[in-house]
Amino acid sequence: MVDIISNRVQEAYGSFRLPSMFGPGTDTQQNGGFSTYSMIKRFGEAGRRQRELNADNDRQVRQQSLFHIKEMPITHVQPELKPIPGMACPQCSPTESRPQLGADDRRRNAIDILRVTTHAGEQYARVNNPGTFDWGVWCPHLAQATRVRRFPYPQVAGAVLPDERVQEALDMAAKESINDKRAELGLAENDESFDEDSYYSKMLQNHERRAGKILIGMRSKISNLVLRITSWVLYKLLPCFMSGVAAHPAQVEMIKRAIEKNPDVPLIFLPLHRSHLDYIMVSFILLNNDIKCPLVAGGDNLRIPVFGSILRYDGAFFIKRKIDPLTGKKDHVYRAILHTYLQKCLTAGHNVEFFIEGGRTRTGKPCMPKSGILSVIVDAFNDKSISDALLVPVSINYEKLVDGNFVREQLGQKKIPESFASAASAIMKVLKARYGLMRIDFNEPFSLSELVKSLRKSDTAHNYTPEMRRLQHKPSSSSLFGTDVVQEEQDQRQLIDNIARHVVFDSARATSVMTTNALAFLLLNRFRDGAPLSILVEALDELRAVLNGVRDLGFTGASEDVIRYATDLLGPGLVTKEMRNGQLFIKPVVMIPNVIELSYYSNCLLPHFALESIVVTCASLLKRETECRANTNRHDHVEEVTVGRRALLEMCMEFAELLMYEFILCKPCQKLESVIENTLQDLCLREILLQPEHEFTEEQTMARKLAHNLECDGLDVEDEEMDDYFAEQHNSTTGSRFGVDDDDTRIHFPAEKHCDRLVLQSVLAPFTSTYSAVASSLHHMLDGNSIVESEFIRLCIKEISTRVELGDCKYGESISTDTVRNCLKVFQKRSYIEITNNNGVRLVSLLPPYDTMAELQSIVQQVHIFVPV
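Numbers given to residues run from 1 along each chain, matching the order in which its sequence is written. For a predicted model such as this one, the threshold for reporting local features is a pLDDT of at least 70, and the threshold for listing and counting side-chain atom pairs is 80 or more; totals across whole chains, interfaces and linings nevertheless cover every residue. Think of the side-chain values as coming from all heavy atoms in the structure, minus any hydrogens and water.

*Asks:* Before we go on, may I ask you to explain the overall build of the protein in this structure?
*Replies:* Scanning the protein from terminus to terminus reveals 32 helices and 17 strands. Classification of residues uses two cut-offs on accessible area relative to the type maximum, computed with a 1.4 Å probe and protein chains only: under 20% is buried, over 50% is exposed, and between them is partly exposed. Expressed as a percentage of its 869 residues, the buried residues of the protein come to 50%. Look at the contacts in the protein between residues 6 or more apart in sequence, and 78% of them connect residues 24 or more apart. Element-wise, carbon and sulfur atoms account for 52% of the exposed surface of the protein, whose accessible area totals about 42,400 Å². Segments assigned H or I by DSSP are reported as helices when at least four residues long, segments assigned E as strands when at least two residues long, and all are numbered from the N terminus. In this analysis, two residues are considered to be in contact whenever any of their non-hydrogen atoms come within 4.5 Å of each other. All accessible areas in this document rest on Shrake-Rupley with a 1.4 Å probe, and a residue is counted as covered only by the protein chains that are shown.

*Asks:* Help me out: how do you make sense of the side chain of Gln410 in this one?
*Replies:* Mapping Gln410 onto the fold places it in helix 14 (residues 407–410). Not counting the four nearest positions on each side in its chain, Gln410 is found in contact with Arg362, Thr363, Ile596, Ile797, Ile815, Ser816, Thr817 and Asp818.

*Asks:* It is not clear to me how the nonpolar core should be interpreted in this structure. Could you clarify?
*Replies:* Note that soluble globular proteins tend to have their nonpolar side chains buried in a common cluster. For the purposes of this section, nonpolar cores are sets of buried Ala, Val, Leu, Ile, Met, Phe, Trp, Tyr and Cys residues that join through side-chain atoms within 4.5 Å. Judged by nonpolar contacts, the single largest core of 149 residues is most densely connected at Phe442, Phe827 and Ile833. Ranked by the residues each element gives to this core, the list is headed by helix 24 (residues 606–630), at 11 residues. If we skip the residues at most four places from it in the chain, Phe827 touches Tyr771, Val774, Ala775, Leu778, Tyr832, Ile833, Ile859 and Val863.

*Asks:* Got a minute to help me understand the packing of aromatic side chains in this structure?
*Replies:* Aromatic rings in a pair are described by how distant their centres are and how their planes are angled relative to each other. Two aromatic rings, drawn from Phe, Tyr or Trp (for Trp, its six-membered ring), form a pair once their centres lie within 6.5 Å of each other, and the interplanar angle then sorts them: stacked below 30 degrees, edge-to-face above 60, tilted otherwise. Tallied over the full model, the rule gives 13 aromatic pairs. With a centroid separation of 4.5 Å and an interplanar angle of 10°, the aromatic rings of Phe655 and Phe866 are classed as stacked. Here the residue Phe655 occupies a position in helix 25 (residues 645–658), and Phe866 occupies one in the segment after helix 32 (853–864), the gap between them amounting to 211 residues. Look at Phe866 and you get buried, because its relative accessible area is 3%. Members of the aromatic cluster, each reached through a chain of ring pairs, are Phe406, Tyr600 and Tyr601. Charges are assigned to positions over rings by a cutoff of 6 Å between ring centre and Lys NZ or Arg CZ, combined with an angular limit of 35 degrees from the ring normal. Over the ring of Tyr334 we find Lys320, and its NZ or CZ is 4.6 Å from the ring centre.

*Asks:* So what exactly am I meant to see when it comes to the pattern of salt bridges here?
*Replies:* A side chain with one charge can pair with a side chain of the opposite charge if their charged atoms come near. Note on definitions: salt bridges are taken to be side-chain nitrogens of Lys or Arg within 4 Å of carboxyl oxygens of Asp or Glu. Taken as a whole and assessed by the stated rule, the structure comprises 27 salt bridges. The partner of Lys320 in a salt bridge is Asp331, and the shortest N-O contact between them spans 3.9 Å. On the criterion of sequence distance, the pair formed by Lys320 in the loop between strand 5 (316–319) and helix 12 (332–347) and Asp331 in the loop between strand 5 and helix 12 is long-range, its members being 11 residues apart.

*Asks:* Help me understand the sheet that holds strand 15 (residues 787–788) in this model?
*Replies:* Note: strands within a sheet are paired through backbone hydrogen bonds, in either parallel or antiparallel orientation. Spatially, 15-17-16 is the arrangement adopted by the 3 strands of the open sheet, whose pairing is antiparallel. Looking along the sheet, the strands with just one partner apiece sit at the ends: strand 15 and strand 16 (833–838). Any two strands with at least two DSSP bridges between them are considered paired.

*Asks:* What exactly am I supposed to notice about the state of the cysteines here?
*Replies:* Put plainly, two cysteines are in a disulfide when a covalent bond ties their sulfur atoms together. When two cysteine sulfur atoms are found within 2.5 Å, that pair is recorded as a disulfide. Counted by the stated rule, this structure contains 0 disulfides. Counting only cysteine sulfurs, Cys823 is the nearest neighbor of Cys796, a cysteine outside any disulfide, at a range of 7.6 Å.

*Asks:* Help me understand helix 10 (residues 278–287) in this model?
*Replies:* Each α-helix winds once per 3.6 residues, and so residues spaced three or four apart point in a common direction. By the criterion of burial, helix 10 is predominantly enclosed, with 10 of the 10 residues buried. Buried residues of helix 10: Asp278, Tyr279, Ile280, Met281, Val282, Ser283, Phe284, Ile285, Leu286 and Leu287, and no others.

*Asks:* What is the right way to read the packing of helix 20 (residues 515–525) against helix 23 (residues 592–602) from this model?
*Replies:* A pair of packed helices is characterised by two quantities: the angle between their axes and the separation of those axes. Helix axes are fitted only over the stretch in contact, all axes being lines through C-alpha atoms; the angle between N-to-C directions runs from 0 to 180 degrees. The geometry of helix 20 relative to helix 23 is characterised by a closest axis approach of 7 Å and an angle of 120° between their N-to-C directions. One way to sum up the angle between helix 20 and helix 23 is to call them oblique. Regarding helix 20 and helix 23, the two cross each other, and that crossing is left-handed. Contacts from Thr516, Asn517, Ala520, Phe521, Leu524 and Asn525 in helix 20 reach Val595, Leu598, Ser599, Tyr601 and Ser602 in helix 23. When the residues that make up the contact of helix 20 with helix 23 are grouped by side-chain class, the tally is 6 nonpolar, 5 polar and no charged. Here roughly perpendicular refers to angles of 65 to 115 degrees, roughly parallel to angles under 35, roughly antiparallel to angles over 145, and oblique to all remaining angles. Crossing handedness is defined as follows: a turn of the near helix away from the far one that is anticlockwise and smaller than a right angle gives a left-handed crossing, while the clockwise case is right-handed. All residues other than Ala, Val, Leu, Ile, Met, Phe, Trp, Tyr, Cys, Pro, Asp, Glu, Lys and Arg, Gly among them, are scored as polar; the first ten of these are nonpolar and the last four charged.

*Asks:* Can you walk me through unusual backbone geometry in this structure?
*Replies:* Excluding glycine, a negative phi dihedral is what most residues carry, and trans is how most peptide bonds are arranged. Here Pro848 and Pro849 are connected by a cis peptide whose omega angle stands at 5°. With respect to the element layout, Pro849 can be found in the loop between strand 17 (841–846) and helix 32. Phi is positive for Val306, close to 70°, though the residue is something other than glycine. Here Val306 shows up in the loop between strand 4 (295–299) and helix 11 (307–313). Relative accessible area serves as the criterion here: at 46%, Val306 is assigned to the partly exposed category. Despite not being glycine, Lys384 shows a phi value in the positive range, around 65°. Mapped onto the fold, Lys384 is located in the loop between helix 13 (372–382) and strand 7 (390–398).

*Asks:* Explain helix 6 (residues 164–185) to me, please; I cannot follow it from the model alone.
*Replies:* Any helix carries an expected span of 1.5 Å times its number of residues minus one. The first and last C-alpha atoms of helix 6 sit 32 Å apart over 22 residues, in line with the 32 Å expected at 1.5 Å per residue. Among the residues of helix 6, Val166, Ala169, Leu170, Ala173, Ala174, Ser177, Ile178 and Arg182 are the ones counted as buried. Next to the buried residues of helix 6 lie helix 7 (196–218) and helix 12. For helix 6, the capping residue at the N-terminal end is Asp163, with a side-chain oxygen 2.9 Å from the backbone nitrogen of Arg165. Within two residues after helix 6, Gly186 carries a phi angle of roughly 70°, on the positive side. Pairing of N or O atoms within 3.5 Å defines a polar contact, subject to two protein rules: one partner must be a possible hydrogen donor and the other a possible acceptor, and residues neighboring in sequence count only if both atoms are side-chain atoms.

*Asks:* What's the story with the environment of Phe827 in this structure? I'm lost.
*Replies:* Relative to the assigned elements, Phe827 resides in helix 31 (residues 817–829). For Phe827 and Leu846, which are 19 residues apart along the polypeptide, the C-alpha to C-alpha distance reads 9.7 Å.

Structural measurements only, silent on function.
Here it is, written out as structure tokens:
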């Protein structure tokens, strides 16, 4: 049949020649064409052999090429080492005293999910019981809880009451009781009708009984057994509502190496406070890395049934939020007991943990530090009770806050006190929800003795100019310990306050940026009206590039996946999703309660962008003033308008002074002027602003180098002629303490970066809007009226809410009780207002000469000038 068909084809087409793929000159014409099927098959086999031959030739060529490549020298590409976040300040902590890390440690992944602990049980079985049944594989969490290292935790409460400090405080309290009794009876001091000795004995016994109750309620009962049980419970419960608890393994390694180098020095863990979960999670991390758990200072509001006892056995000791029960009268007994208890704990070898901010942050950004407990530690170092202490700043962050939100308190409502019922209800609610990842970052431990030495040296060198003293944070008036207990002089209190500010600054810089922080920041500062997913992806890529190498990111992966994940985690109450024109459109919910909660997550990035926002805001304000003076159209001539560099930096200092209670803009060992200048230079490098380079003469260049070296080294110039020459040359090159004279350098505004400048302006706009509303509300105190502080805060919140509703303020997050209080502190420091305490009631009143309408308008203008249009 095949032969017949082939003959039919031959008859139909006559002669036929195969294509050249069978080889040149291959003639298939035989007897007028194809005669049989075998002829076709023969030609097919020839083509197949030809293709195999060509493949062999290609293979030989590739093998020869590979041979030459192998013989060539290989170029080793060293992977870029990502800097470990939280490294200690190089100026305050010398390199030789810090634990060194190898390249392998620095290249390790930043995230280590501690709840995956199957390896713990396996390791325990292999090391301790080789060849036995590996029960850790079947019970990994229990194996991990039993594997952790046991540490001695001595109880020191018994040595507190006999201490000399406590006995002196009891004697002082008893004598004060005698004076109060005489005043109550209207007796003179020399009236012998009053039996002073018997009354003294009675009051002394009363104060001793009270001291015993205070100590019992305060003390910790930390136990290895309870710590292990708590660890096992957390391993079981955490996966129910969190995707993991992450820590940087190299940071934990730094702590271990510091302990090895200083085995007898206590560790002082200083976390930023965000959630009630912080109390036990730091201990949880340390316990499972075989580091001695600290005693944790907690508020007495947590001393509730069951949960308070659990915390006490996990290492918590409880202190009162308000030390002095009566206004204007110090509780000497309580102060002495707390001071002595802490010192006994330190000398007994306990590590200590306390929250440097005091309470939890209600805004999401770091709070100003409370230096009360820190003063006790410095005092123990000064009186040689301890040889040194290693300070470990700790940063804690959550993708979604476990405690819910603080909207009620930000709106001016009272905080709901903790109770057993509320705690149990909150736990049940938490176990049914999803909160994402928790991240804990440990900063590099640094020596207290070295930090004290460094800050004292900088204090005598260049750091404290009159201008800087004007900007120094006022030491907290609500500290736990006054000068009557710790006996500190003014410079000592300033030193302690600087240490606390250094810790908060370091912790804020080391806080990892979570997915929800990045998304909330973009939505509130760049896409308040929403944006398609593709645009948000580009913006997140840009944000990650800006933060790369400066802030650690608590997430990886494609930006699109990150945005989708963060949107789902925040939920429809804060972020909405909808389809528009075939694209996913993401928009923040801008209703006041919702946007206040969303701003909590956005504010995590405020410390990073605060200085840039100050510089860009001031530059834009000066630009607007220049346009108004020139009577030009700002939209048509944006690129033509310039501002003076000197005027810009001076205005930045004024803006920084206004925000002195909102942000810690630089470390105490830095000059704020230099930090602002560096920020301006960085903005110019990114071409957000432009500054033409100034050409100096050779003599001017030498003077500037000399000035820089002297400032960096903190040297004093003793030669008067050299000093005069340096000052003359330095002034000729700078014109001011900030740099080049206003007439020499102008700041330009690239038109293509206009959107970036708007974003940076919006970072601090909610705060300036709040300050403007508070200044406007001062008119309620005209005519000598005094207002209760809480009532005045409610008036301010009402004023801001009205502005938001009318559209005069587009930032709903400006409604913030914390920001209003910080503004009042600034006004009090500037002597605009006075806050007095009248029998426990805080009263706010205007001070002369600001108690007139004309002066009030000047205050409003000083604040309103920083509100962007």
